[in-house]
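Coordinates in review
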Amino acid sequence: TKSLEFDLDLDGKLDAVTCKYWDRWGSLSCDIQYAGRRQLTKMTCKRFAILPKVNEGALVLNCN
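Further remarks concern the state of the cysteines. Scanning the model with the defined rule gives two disulfides in all. At a sulfur-sulfur separation of 2.1 Å, the disulfide partner of Cys 19 is Cys 30. On the sign convention where negative is left-handed, the bridge of Cys 19 and Cys 30, at about 110° about the S-S bond, is right-handed. On the criterion of sequence distance, the pair formed by Cys 19 in strand E2 (residues 15-22) and Cys 30 in strand E3 (residues 27-33) is long-range, its members being eleven residues apart. The class of Cys 19 is buried, set by a relative accessible area of 12%. Disulfide partner of Cys 45: Cys 63, at an S-S distance of 2.3 Å. On the sign convention where negative means left-handed, the S-S torsion of about -115° between Cys 45 and Cys 63 marks this disulfide as left-handed. Residue Cys 45 is found in strand E4 (residues 40-45), and its partner Cys 63 is found in strand E6 (residues 58-63); the two are separated by 18 residues along the sequence. Accessibility expressed as a relative area gives 5% for Cys 45, which makes it buried. Exposure remark for Cys 63: the relative accessible area of 28% places this residue in the partly exposed category. In the protein, the cysteines engaged in disulfides, taken in order along the sequence, are linked 1-2, 3-4.

So, on to the side chain of Asp 15. Tracing the backbone through its elements, the reader meets Asp 15 in strand E2. Buried charge Asp 15 goes without a salt bridge, the closest partner of opposite sign being Arg 37 at 6.5 Å. Polar side-chain contacts of Asp 15 include one of 3.4 Å to the backbone nitrogen of Asp 9. Not counting the four nearest positions on each side in its chain, Asp 15 is found in contact with Leu 4, Glu 5, Phe 6, Asp 7, Leu 8, Asp 9, Gln 33, Tyr 34 and Ala 35.

Conventions and cut-offs
Residues numbered from 1 in each chain as written. Predicted model: local features only at pLDDT ≥ 70, side-chain atom pairs only at ≥ 80, totals over all residues. Heavy atoms only, no water. Disulfide = S-S within 2.5 Å. Helix = DSSP H or I, 4+ residues; strand = E, 2+ residues; numbered from the N terminus. Buried < 20%, exposed > 50% of the residue type's maximum accessible area, 1.4 Å probe, protein only. Lys, Arg positive; Asp, Glu negative; His and termini not counted. Salt bridge = Lys/Arg side-chain N within 4 Å of Asp/Glu carboxyl O. Polar contact = N/O pair within 3.5 Å; in protein donor to acceptor, adjacent residues only side chain to side chain. Contact = heavy atoms within 4.5 Å.

Written as structure tokens, this is what we have:
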């Protein structure tokens, strides 16, 4: 399990990204918790990246 804090929605607060590697399937299971929100976003992918592009006021997340 790896965790990273990053301001994904550019609101000045650090959001938490936590990914676990599933060795059996060779994939990542990532949870994104935005600061100050109850909403938890879950993603499953082979690769995960935070891109230096902004779309609709937030950094672009790439999960494929």
